Amino acid sequence: MTALHLFNKTSLGGAAARVRNGDTVILIEDGCYAARAGGVQIKELCTRATVFAMRADLLARGIAESQLAAGVGVVDYDGFVAHCARCSPVVSWR
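Computed from a predicted model, the values in this text were never measured in an experiment. (Residues numbered from 1 in each chain as written. Predicted model: local features only at pLDDT ≥ 70, side-chain atom pairs only at ≥ 80, totals over all residues. Heavy atoms only, no water.)

A.B. asks: Would you explain the sheet that holds strand E1 (residues 4–7) in this entry?
C.D. replies: The strands that make up a sheet are held in pairs by hydrogen bonds between backbone atoms, and each pair lies either parallel or antiparallel. In space, the five strands of this open sheet follow the order E4-E3-E2-E1-E5, with parallel pairing throughout. Each edge of the sheet is formed by a strand with only one pairing partner; in this case those strands are strand E4 (72–75) and strand E5 (90–93). The sheet shows a mean angle of 25° between the axes of neighbouring strands, direction not considered. Packing of helix H3 (residues 77–86) onto the sheet brings it into contact with E1, strand E2 (24–27), strand E3 (50–54), E4 and E5, and relative to E2 it is tilted by some 145°. (Pairing = 2+ DSSP bridges. Helix = DSSP H or I, 4+ residues; strand = E, 2+ residues; numbered from the N terminus. Axes fitted to C-alpha atoms, helices over the stretch in contact; angles between N-to-C directions. Contact = heavy atoms within 4.5 Å.)

A.B. asks: Quick question: what am I supposed to make of the nonpolar core here?
C.D. replies: Considering soluble globular proteins, one finds that nonpolar side chains tend to be buried as a cluster. By size, the foremost hydrophobic cluster in this structure holds 21 residues, and its most contacted members are Val25, Leu27, Ile42, Val51 and Val72. Where this core is concerned, the elements lending two or more residues are E2, helix H1 (40–46) and E3. Of all the elements, H1 adds the most residues to this core, at three residues. With sequence-adjacent residues up to four places away left out, Val72 is seen in contact with Ala35, Ile42, Cys46, Val51, Phe52 and Ala53. Among the nonpolar cores identified, the runner-up in size contains eight residues, and Leu6, Phe52, Met54 and Val75 belong to it. (Core = buried A, V, L, I, M, F, W, Y, C linked by side-chain atoms within 4.5 Å. Buried < 20%, exposed > 50% of the residue type's maximum accessible area, 1.4 Å probe, protein only.)

Dropping the structure here:
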């Protein structure tokens, strides 16, 4: 199984280095700011992991899907739950 990493901070910090090839990342809360195009860290992360941003958190922060970096998908609550059920372990970085 692959790991699911949840990031809720604007800066992904050193924890992003712990994401392995094939893992899944979901950016939640203020972590959605890191999903915007132009960020070096998000671009690199998308080369080795499947990356999503939480739709409700994007909307709450006024971030349009068109502003997201290439390779960042959008997930709703049902998709979030499906990823949590499919992945092990689930790691929440704070």
